[in-house]
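Structural overview for review
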Amino acid sequence: MDHSGHGMTMDLPPFTLGRGLVWSPDPFFLIACLLGLGLYGWGVVRLARRGDAWSWGRTASFFIGVLTVLLVTCTRLNDYGMVMFSVHMVQHMVISMLSPILILLGAPITLALRALPVAAKRGDKGPRELLLMFLHSRYMRVVTHPAFTIPMFIASLYALYFSPIFDFLMGSTTGHVVMMCHFLAVGLVFFWPIMGVDPGPHRPGYLMRMLELFAGMPFHAFFGIALMMASQPMVESYKNPSASLGIDALADQTAAGGIAWAFSEIPSVLVLLALLFQWYGSEQRQAKRQDRAADRDGDKELEAYNAYLASLNARGR
């Protein structure tokens, strides 16, 4: 790998899926992902030893989500993403839209709140209390508010790719890692209030969550269409691909735009299904609570309604 021109260049053979999935770990993401899996596993084991149940579905979702991060950062996909716009776009879409949804469905914050030890003395601040303070902080109220998350989600596309920031970050391995961390963080804060699995400063109703979801998704499609319709390469880092790749820069950009356009639909459907499932579950729980209340008070509402009908009938006579 060497630095030349506007970014990093490397000689790689033509891309194939099998070649792209060869193990090529990035130290930062490898350590971060293993740490995340280890901490989550520790939380699950701690609950199990205490006799508390934890959903295997949530565990599987979290682990698969972290594995998708590993897939795009610790294989040759990461190397090809430095020199091919289309492969980079796969990385971007996965780590900003698919990985966050799967990780959030794993409810890591809920697990942490249940597993972390509380303060030894009342009034002290243990790990659990510090996490609660952070969740209720002014900072978290700002960064999880739709007025922040939706513009940030959109800016991560347009302000990044169509400005010199992208080329600057692509100029070094550290910059590329920072960019990938940014994509993951933006995806997490955007989908966190929408998913509503973990507690947070903002818990809008189900309809509002759907509106927030669809407020951001069209901009992904527009971004993809802009790349597909461009008559020349728009991103400096990918204007001069290595001859060893055997690709045309404009054709590669068109493919990248197609990936961005198509990928905006997949997470939308996944999140929408999760929201509908949660909504249905919430309605079922509400119905059960009402049934229990009716059992406790002898179904007074029904008795009152029947008495009302009887009075109407008596008047009719």
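Residues numbered from 1 in each chain as written. Predicted model: local features only at pLDDT ≥ 70, side-chain atom pairs only at ≥ 80, totals over all residues. Heavy atoms only, no water.

1. Topic: the side chain of aspartate 198
This is how it is decided: Working definition: helices are DSSP H or I runs of at least four residues, strands are E runs of at least two. Numbering for both runs from the N terminus. The buried label goes to any residue with under 20% of its type's maximum accessible area, the exposed label to any with over 50%, and the partly exposed label to all in between, with areas taken from a 1.4 Å probe on protein chains only. The charge count includes Lys and Arg as positive and Asp and Glu as negative, but it does not include His or the ends of the chains. Any carboxyl oxygen of Asp or Glu that lies within 4 Å of a side-chain nitrogen of Lys or Arg is treated as forming a salt bridge with it. Any pair of N or O atoms that falls within 3.5 Å is considered a polar contact. Within protein, one atom must be able to donate a hydrogen and the other to accept it, and sequence-neighbouring residues count only if both atoms are side-chain atoms. In what follows, residue pairs with any heavy atoms lying within 4.5 Å of each other are defined as contacts.
Locating aspartate 198 in the fold gives a position in the loop between helix H11 (173-195) and helix H12 (206-229). Within the buried set, aspartate 198 has no salt-bridge partner at all; the shortest N-O distance to an opposite charge, 6.3 Å, is to arginine 58. Among the polar contacts made by the side chain of aspartate 198, one reaches the main-chain amide nitrogen of isoleucine 109 at a distance of 3.2 Å. Excluding residues that lie within four positions of it along the chain, aspartate 198 makes contacts with Leu104, Ala107, Pro108, Ile109, Thr110, Trp192 and Arg203.

2. Quick look at the environment of valine 197
Mapped onto the fold, valine 197 is located in the loop between H11 and H12. With 88 residues separating them in the primary sequence, valine 197 and isoleucine 109 have C-alpha atoms 9.0 Å apart. The contact partners of valine 197, leaving out residues within four places of it in the chain, are Arg58, Leu104, Leu105, Ala107, Thr110 and Gln278.

3. Brief notes about the environment of phenylalanine 134
Relative to the elements of secondary structure, phenylalanine 134 occurs in helix H7 (residues 127-135). Sequence-wise, phenylalanine 134 and glycine 200 are 66 residues apart; in three dimensions their C-alpha atoms are separated by 10.0 Å. Among residues more than four places away in sequence, those in contact with phenylalanine 134 are Tyr139 and Met140.

4. Regarding the packing of H12 against helix H13 (residues 249-263)
Let me state the cut-off plainly: Interaxial angle, 0 to 180 degrees, is taken between N-to-C directions of lines fitted to C-alpha atoms, where a helix line uses only the stretch in contact. Relative orientations are named as follows: roughly parallel for angles under 35 degrees, roughly antiparallel for angles over 145 degrees, roughly perpendicular for angles from 65 to 115 degrees, and oblique for any other angle. Crossing handedness: left-handed means the near helix sits turned counterclockwise from the far one by under a right angle, and right-handed means the same turn made clockwise.
The geometry of H12 relative to H13 is characterised by a closest axis approach of 7 Å and an angle of 165° between their N-to-C directions. One element, H12, and the other, H13, form an angle in the roughly antiparallel class. The hand of the H12/H13 crossing is left-handed. Contacts between H12 and H13 involve His220, Ala221, Phe223, Gly224, Ile225, Leu227 and Met228 from the former and Gln253, Thr254, Ala256, Gly257, Gly258, Ala260 and Trp261 from the latter.

5. Observations concerning the nonpolar core
Soluble globular proteins tend to bury their nonpolar side chains together. So the rule is basically this: Nonpolar core, defined: a set of buried Ala, Val, Leu, Ile, Met, Phe, Trp, Tyr and Cys residues in which side-chain atoms within 4.5 Å join the residues together.
Formed by 71 residues in total, the largest nonpolar core has its most connected members in Phe85, Met89, Ile95, Tyr161, Phe166, Phe191 and Val271. For isoleucine 95, the residues in contact, after removing those within four places along its chain, are Phe29, Val69, Val72, Thr73, Pro100, Met180, Phe183 and Leu184.

6. With respect to empty space enclosed by the protein
The criterion, for reference: Only protein atoms enter the 1 Å grid used here. Points where a 1.4 Å probe fits but cannot escape make up a cavity, open sets with protein on both sides within 12 Å along at least five of seven lines make up a pocket, and a residue lines them when an atom lies within 4 Å of a point. Grid points are joined across faces, edges and corners, and a volume is the space filled by probe spheres set on the points. Gly counts as polar in this scheme, as do all residues outside two lists: the nonpolar Ala, Val, Leu, Ile, Met, Phe, Trp, Tyr, Cys and Pro, and the charged Asp, Glu, Lys and Arg.
Under the defined criterion, the tally for this structure stands at three cavities of 30 Å³ or more. In this structure, the largest cavity occupies an estimated 50 Å³ of space. Lining the largest cavity, in full, are His92, Ser96, Phe153, Ser156, Phe183, Val186, Gly187 and His220. Elements that contribute at least two residues to the lining of the largest cavity include exactly helix H5 (85-105), helix H9 (146-161) and H11. Looking at the lining of the largest cavity, the element that brings in the most residues is H11, giving three residues. Broken down by class, the residue content of the lining of the largest cavity amounts to three nonpolar, five polar and no charged.

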